[in-house]
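Commentary on secondary and tertiary structure
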Amino acid sequence: DIEITMEANPGTAEQQKFNEFRSAGINRLSIGIQSFNNEHLQKLGRIHDRTEATKAAEMAHHAGFENFNLDLMFALPGQNIKQAIEDINTAIALEPSHISYYQLTIEPNTWFHHHPPVTPDEELSWQIQEQCQAILGEHGYTQYEVSAYCKEKKHCQHNLNYWQFGDYLGIGAGAHDKITHPHQQQIERKWKTRQPQQYLSDINTGNAVQGRRILGRKDASLEFMMNALRLTDGFESDLFSQHTGLVINSIEKPLRQAEEKDWLEWQTHWIKPTETGKQYLNDLVALFLPE
């Protein structure tokens, strides 16, 4: 039952490639659509257009992929509600099993960071999100994480592992991994050399790991909560102990503070964000920052 996902760019999608991916054992695709609006795609610097985006999803179906994801953004430069709804309806019409729907964020050291675009304000962004979430729900896409929506039993296993603070191996240039060493009661993060040529050279000398870090107790509890609180249904409290080596009472103070603000529900064996907590997720997570 292993899930094997390959990311695909609509601008380079070909039917033969998709057929061969499926024959090779890839059983899930994640296609980076971002938008079906040509003007918005151009502003985002994407190399594909609406036609290529649509064809990529159709190719996935024709290649036999019963499980594939479409990445879609909202609050794009100059976007209005009508355009956002058209994007989400177009995505739904292509019948993916999973849709990742998230707000555009401006990352440091990017073109948008140095040349900030005019994007919808907070009120308009919230209206877009609220209306499009309702449309997704009406069409059978359940929100199980902040930006993840899926048909029945089509949750992304890869991302669920991240959000539940599970371990993973990073193989290849720029890859990161997280490994728990239970006997040493340690959680280790490692990252590989980013540049492909340098990575290949470093492999030959056994030095492909560029850096490593051991998470302290406070870092581990913060990182767990940063991930697990993204889950719509929350998590079993025992999961915190299993993946951090700490008892749940070690974060009792911020848990109580979150309860008082109506951002979180803490039952005996289960913790989950409230509807208000989901809207103020950054503030909720900030309660768990080390003092």
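Okay, so let's go over this structure. Not measured: the values here are computed from a predicted model. In this numbering scheme, every chain counts its residues from 1 along its sequence in written order. In keeping with the predicted nature of the model, local features appear solely for residues at pLDDT of at least 70, side-chain atom pairs appear and are counted solely at 80 or more, and the whole-chain, interface and lining totals rest on all residues. The basis for every side-chain value is the complete set of heavy atoms in the structure, and neither hydrogens nor water enter the calculation.

Strands were regarded as paired on the criterion that DSSP finds at least two bridges between them. Counting from the N terminus, the helices are DSSP H or I runs at least four residues long and the strands are E runs at least two residues long. Strand order across the open sheet formed by three strands is S7-S8-S9, with antiparallel pairing between neighbours. The sheet is open, and its two edges are formed by strand S7 (176–181) and strand S9 (209–214), each paired on a single side. Looking at each pair of strands side by side, their axes are set apart by 20 degrees on average, direction ignored. Pairing geometry for S7 and strand S8 (residues 186–192), over six bridges, is antiparallel. Angular values range over 0 to 180 degrees, each being the angle between N-to-C directions of two axes fitted as lines to C-alpha atoms, with helices fitted over their stretch in contact.

Now for the sheet that holds strand S1 (residues 5–8). Across the sheet, which stays open at both edges, the six strands sit in the order S1-S2-S3-S4-S6-S5 with mixed pairing between neighbours. Only two strands of the sheet have a single partner each, and these edge strands are S1 and strand S5 (142–145). When the angles between neighbouring strand axes are averaged without regard to direction, this sheet yields 25 degrees. Pairing of strand S4 (residues 98–103) with strand S6 (residues 148–150), which is carried by three bridges, proceeds in the antiparallel orientation. Directly across from His98, in S6, lies its bridge partner Cys150. Contact criterion: two residues are considered in contact whenever any of their non-hydrogen atoms come within 4.5 Å of each other. Along the sheet, helix H3 (residues 50–62) makes contact with strand S2 (28–34) and strand S3 (68–74), crossing S2 at roughly 170 degrees.

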